[in-house]
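# Understanding the architecture of this molecule
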Amino acid sequence: MAAAHFARNLFGSAGRVARAYLENRGIGEEAIKGFRLGYAPDAWRSLRDALARSGASLDLAEKLGLIIPGKDGGFYDRFRHRLMFPIHNETGKLIGFGGRALEDENPKYLNSPETPIYKKSYVLYNLHRAKEGIRKADRSVLVEGYMDAIGVYASGVREVVASCGTALTAQQVQLLRRHARRIVVNFDPDPAGAKAAERSIETLLEQGMEVRILELDGG
């Protein structure tokens, strides 16, 4: 229900800024719909009110990290004025969201909190789509963020997954190893990306993966 709400808002009048951002990043309508991207409006209770109108349990919505208790005893939306990325588990069930700020807000990316169904250390973004491509190519491609994964996948490289800004865990690597032992690490070409790649290499080697590092030219 939350994903449908965000998707409707992306294509409504309130989603103009988010659509402009996606267009500027070269993400077309096919990828937008394929990845079920959405927009959380710049309002305190947009999702909360939509869920209430649909008869959803607000207590359950709080447990899922969609809304937060307010001081007045009510609830307000966790995600506001953000481009929304649904996060799925390996079998394709929607278990959480990532939200990117569309202005100079902190944090730049805000993820769902840990919940009974969303354990960050056990999830890789796009794995449910990429697992067939990983088996066919006999390798996975690991990138840092949601937009990286979407862009690479839309360009035809179907074996791409993202760690979504968290340090790579042994559990995440084990998910990949079930489909292929070879992996290409393609993190951002900046000091932070280089450090993240170094940390990931250690974890990957400890789990018996065959690792290559891709360096992109031209900055």
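First, a word on what this report is: a plain description of the structure on this page.

## Some remarks on empty space enclosed by the protein
- Summed over the entire model, instances satisfying the criterion amount to one cavity of 30 Å³ or more.
- By volume, the largest cavity is sized at about 70 Å³.
- Forming the walls of the largest cavity are Ile87, Asn111, Tyr118, Lys120, Val123, Leu124, Tyr125, Ser163, Cys164, Thr166 and Gln172.

## Looking at the packing of aromatic side chains
- Per the stated rule, a full pass over the model turns up eight aromatic pairs.
- With centroids separated by 6.5 Å and ring planes inclined at 65°, the aromatic side chains of phenylalanine 79 and phenylalanine 97 adopt a geometry described as edge-to-face. Of this pair, phenylalanine 79 sits in the loop between β3 (75-77) and β4 (82-88) while phenylalanine 97 sits in strand β5 (residues 94-101), and the two are 18 residues apart along the sequence.
- Given a relative accessible area of 2%, phenylalanine 79 falls into the buried group.
- On the basis of relative accessible area, phenylalanine 97 is assigned to the buried category, the value being 4%.
- Following the ring pairs from residue to residue traces out a cluster consisting of Phe35, Phe85, Tyr109, Tyr125, Tyr146 and Tyr153.
- Residue placement shows arginine 158 over the ring face of tyrosine 153; its charged tip is 4.5 Å from the ring centre.

## A few points about the sheet that holds strand β7 (residues 140-143)
- Reading across from one edge, β8-β7-β9-β10 is the order of the four strands in this open sheet, with parallel pairing throughout. Either end of the sheet is taken by a strand with one partner, and the two such strands are β8 (160-162) and β10 (210-213). Within the sheet, the average angular offset between the axes of one strand and its neighbour, ignoring direction, is 30°.
- Where β7 lies against β8, three bridges are found, and the strand directions are parallel.

## A look at helix α4 (residues 46-53)
- Those residues of α4 that fall on the buried side of the exposure criterion are Ser46, Leu47, Ala50 and Leu51. The buried residues of α4 occupy an angular sector of 125° when the element is viewed end-on, so they sit on one face.
- Two residues or fewer after α4 comes glycine 55, characterised by a positive phi angle close to 80°.

## Looking at the layout of surface pockets
- Estimated volume of the second largest pocket: approximately 310 Å³.
- Taken together, 18 residues line the second largest pocket, and the ones lying closest to its centre are Met1, Ala2, Leu64, Leu66 and Phe97.
- Along the lines of polarity and charge, the residues of the lining of the second largest pocket split into 13 nonpolar, four polar and one charged.

## Points about the environment of isoleucine 68
- Within the secondary structure layout, isoleucine 68 lies in strand β2 (residues 67-69).
- Taking the C-alpha atoms as reference, isoleucine 68 lies 21 Å from alanine 7; in sequence the two are 61 residues apart.
- Those residues in contact with isoleucine 68, other than ones at most four positions away along the chain, are Gly74, Phe75, Tyr76 and Arg78.

## A closer look at the pairing of strand β9 (residues 182-185)
- Pairing between β7 and β9: three bridges, direction parallel. Bridged to leucine 142 within β9 is valine 185.
- In this sheet, β10 lies alongside β9 in parallel orientation, the contact comprising four bridges. By the bridge assignment, valine 184 is partnered in β10 with arginine 212.
- For the segment spanning β9, helix α9 (residues 191-206) and β10, crossover handedness is right-handed.

## Remarks on the sheet that holds strand β6 (residues 109-111)
- Taken together, the four strands give an open sheet; going across it, the order is β1-β4-β5-β6, and neighbouring strands pair in antiparallel fashion. Edge strands, defined here as strands with exactly one partner in the open sheet, are β1 (38-40) and β6. Between one strand axis and the next, the sheet turns by 35° as a mean value, whatever way the strands run.
- Relative to β6, β5 runs antiparallel, the two being bridged by three bridges. Across the sheet, residue glycine 98 finds its bridge partner in β6, namely asparagine 111.

Cut-offs applied
- Residues numbered from 1 in each chain as written.
- Predicted model: local features only at pLDDT ≥ 70, side-chain atom pairs only at ≥ 80, totals over all residues.
- Heavy atoms only, no water.
- 1 Å grid on protein atoms, 1.4 Å probe; cavity = no way out; pocket = protein on both sides within 12 Å on 5 of 7 lines; lining within 4 Å.
- Points joined across faces, edges and corners; volume = space filled by probe spheres on them.
- Phe/Tyr/Trp six-rings, centres within 6.5 Å; stacked < 30°, edge-to-face > 60°.
- Helix = DSSP H or I, 4+ residues; strand = E, 2+ residues; numbered from the N terminus.
- Buried < 20%, exposed > 50% of the residue type's maximum accessible area, 1.4 Å probe, protein only.
- Lys NZ or Arg CZ within 6 Å of the ring centre and 35° of its normal.
- Pairing = 2+ DSSP bridges.
- Axes fitted to C-alpha atoms, helices over the stretch in contact; angles between N-to-C directions.
- Arc of directions from axis to C-beta.
- Nonpolar A, V, L, I, M, F, W, Y, C, P; charged D, E, K, R; others polar.
- Contact = heavy atoms within 4.5 Å.
- Right-handed = clockwise from strand over helix to strand, strands pointing away.

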